[in-house]
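Descriptive structure summary
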Amino acid sequence: MGTTIRIGTRDSELALWQANTVKDKLEALGYKTQLLPVKSTGDLNLDQPLYEMGITGIFTKTLDIAMVKGEIDIAVHSMKDVPTALPKGIVQAAVLPRANVHDILIHKGLDFLASEGVIATGSLRRKAQWLNQYPFHKIVNLRGNVNTRLQKLQDNQDWNGAIFAAAGLERINLKPENHTVLDWMTPAPAQGAMLIVVNESNSYAKEAVEKLNDEKTAMCVHVEREFLRTLEGGCTAPIGALAEFKNEEKISFTGNLFSLDGKEKIEEKATFNVSDYQDVGQNLAHKILQQGGKELMHSIKAKLEH
Ligand SMILES: NCc1[nH]cc(CCC(=O)O)c1CC(=O)O
């Protein structure tokens, strides 16, 4: 373990920015740190299969493995990429103050909005919500890190725009002038928040990192991720959720589930007392499941398995 806190990060520009932010904050508190960019590992000689340890998320897997192997002390993630169940032995130590929660459209002019359009995104949630709003548009798949996706939008003349998380582009200073904020779109659970995880037995790193926790952000993302966890049951789906403090006592919440084609929408909105934050996400997800959400989740799962 030692006294230098080894910070694991993926090596994309956004991941490095996020890890450096954590490094600076820990050093400002007097801790020694070291940044360890971790490449995708591929094969591994671990005694237990990965799924038995609960290692699932495509973005987080590499760092989970490095942590299980004891190569890093803490890992920094975009929280929306982190599966709702953390791997065995890995625990949440801090959620950093939230950045911009919204999605934005990067575009080449907005005339197309009223007629036909081609929008690029790889996200089921963004696709469903866009089609719900603009049923006559076409969605094309767009994947890769933020930098790659911006480049592909420029390269494809026939695409009218692509959807991004504002937070990612703002962090690395890549948000162009030609964007519009999609404030009608419900963000992904925990969008704009950064999560730091540690090995539960690593008390030195855990105590250090806990000092960075932002309680209000942690409460909001708890509600959103409980909503997600209860709805999804291990299957990805177009699910949006956003909890925000209205004042010191109240949190307001919007959560929804869409069909893949955006035609169906089941939504719950609520304002509740901060002291009730633990169970609200789960309760509202149950309401959605009772209003046809259960059947919708089944049909989404069946379609995605095809
Ligand atoms: N899935 C990729 C990803 N994970 C986190 C962010 C941005 C930062 C954030 O939302 O916290 C992005 C890029 C995007 O969605 O455009």
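Given the structure is predicted, the values throughout are model-derived calculations rather than measurements.

Per the secondary structure count, the chain includes 8 helices and 13 strands. Against the globule reference of 19 Å for 306 residues, the chain gives a C-alpha radius of gyration of 20 Å, in line with a compact fold. Along the first, second and third principal axes, the C-alpha set of the chain runs to 60 × 45 × 45 Å. A sequence separation of at least 24 residues applies to 71% of the contacts in the chain between residues at least 6 apart.

It is worth spelling out the site of the ligand at this point. Around the ligand, the surrounding shell consists of Ser78, Lys80, Asp81, Val146, Phe164, Ala165, Ala167, Gly168, Gln191 and Gly192. Elements represented by at least two residues in the shell around the ligand include exactly strand S8 (161-165) and helix H5 (166-171). Considered class by class, the residues forming the shell around the ligand number 4 nonpolar, 4 polar and 2 charged. Taken domain by domain, the makeup of the shell around the ligand includes at least three residues from each of domain 1 (4-96 + 193-213) and domain 2 (103-182).

As summarised here, the arrangement of the 5 strands in space is S2-S1-S3-S10-S4, forming an open sheet in which the pairing is mixed. Of all the strands in the sheet, just strand S2 (32-37) and strand S4 (90-95) have a single pairing partner and so form its edges. Taking the axes of each pair of neighbouring strands and ignoring which way they run, one obtains an average angle of 30° across the sheet. Alignment of S4 against strand S10 (residues 194-199), held across 5 bridges, turns out to be antiparallel. The residue bridging Val95 from the neighbouring strand is Leu195, located in S10.

For the rest of this paragraph, the subject is the nonpolar core. Among the nonpolar cores identified, the biggest contains 74 residues, and Ile74 and Ile196 are the most heavily contacted of them. Discounting residues that sit within four places of it in the chain, Ile196 has contacts with Val22, Ile74, Val76, Ala93, Ala94, Val209 and Leu212.

So, on to the sheet that holds strand S12 (residues 250-258). Spatially, 3 strands are ordered S11-S12-S13 in an open sheet, and the strand pairing comes out antiparallel. One side of each edge strand has no neighbouring strand; the edge strands of this open sheet are strand S11 (239-245) and strand S13 (265-273). Mean inter-strand twist for the sheet, computed between neighbouring axes without regard to direction, equals 10°. Sheet topology places S11 next to S12; 7 bridges connect them, and they run antiparallel. Its bridge partner being in S12, Phe245 is matched across the sheet by Ile251. Taken strand by strand, helix H7 (residues 215-232) contacts S11 and S12, and its axis lies near 155° from that of S11.

What follows covers the domain arrangement of the chain. Its domain assignment divides the chain into domain 1 (4-96 + 193-213), domain 2 (103-182) and domain 3 (227-304). The centre of domain 2, based on its C-alpha atoms, is set 24 Å off from the matching centre of domain 3. Opposite the 7 residues of domain 2 that make contact, domain 3 presents 11 residues. Here the residues of the side of domain 2 that touches domain 3 are counted per class, giving 4 nonpolar, 2 polar and 1 charged.

Glancing now at the pairing of strand S5 (residues 103-107). Regular strands place side chains that alternate from one sheet face to the opposite one. The element S5 is largely enclosed, with a buried count of 5 among its 5 residues. Here S5 shows no split at all, with Asp103, Leu105 and His107 on one side and Ile104 and Ile106 on the other all buried. Pairing between S5 and strand S9 (residues 179-182): 4 bridges, direction antiparallel. Paired with Ile106 across the strands is His179, a residue of S9.

This part is about the packing of H7 against helix H8 (residues 277-304). Closest axis-to-axis distance for the H7/H8 pair is 8 Å, and the angle between their directions is 30°. In terms of orientation, H7 lies roughly parallel with respect to H8. For the element pair H7 and H8, the recorded crossing hand is right-handed. For the pair H7 and H8, the contacting residues are Met219, His222, Val223, Glu224, Arg225, Glu226, Phe227, Thr230 and Leu231 in the first and Tyr277, Val280, Gly281, Gln282, Leu284, Ala285, His286, Ile288, Leu289, Gly293 and Met297 in the second. Taken together, the residues that form the contact of H7 with H8 break down as 11 nonpolar, 6 polar and 3 charged.

Calculation rules
Within each chain, residue numbers correspond to sequence positions counted from 1 in written order. Residue-level local features of this predicted model are given only where pLDDT is at least 70; pairs of side-chain atoms are given and counted only at 80 or more, and the full residue set underlies all totals for whole chains, interfaces and linings. Strands are runs of DSSP state E lasting at least 2 residues, helices are runs of H or I lasting at least 4, and numbering of each runs from the N terminus. Values of the radius of gyration come from C-alpha atoms, whereas the globule rule sets the reference at 2.2 Å times the count of residues to the power 0.38. This entry defines residue contacts through backbone-placed C-beta atoms, with two residues in contact when those atoms are within 7 Å. Near residues are defined by distance alone, with the backbone-placed C-beta atom required to lie within 6 Å of the molecule or strand. Classes in brief: Ala, Val, Leu, Ile, Met, Phe, Trp, Tyr, Cys and Pro nonpolar; Asp, Glu, Lys and Arg charged; the others, Gly included, polar. Residue ranges for the domains originate in an automatic or database domain assignment. One requirement defines pairing of two strands: DSSP has to find at least two bridges between them. As a rule, the C-alpha atoms of each element are fitted with a line to give its axis, helices using only the stretch in contact, and angles between N-to-C directions run from 0 to 180 degrees. For the purposes of this analysis, a nonpolar core is taken to be any set of buried Ala, Val, Leu, Ile, Met, Phe, Trp, Tyr and Cys residues that are connected through C-beta atoms within 7 Å. Exposure classification rests on a simple neighbour count of other C-beta atoms within 10 Å of a residue's own: a residue reaching 20 or more is buried, one at 12 or fewer is exposed, and one in between is partly exposed. C-beta atoms are placed from the backbone. Each angle is binned into one of four classes, with values under 35 degrees roughly parallel, values over 145 roughly antiparallel, values of 65 to 115 roughly perpendicular, and all other values oblique. With the far helix as reference, a near helix turned anticlockwise by less than a right angle produces a left-handed crossing, and one turned clockwise produces a right-handed crossing.

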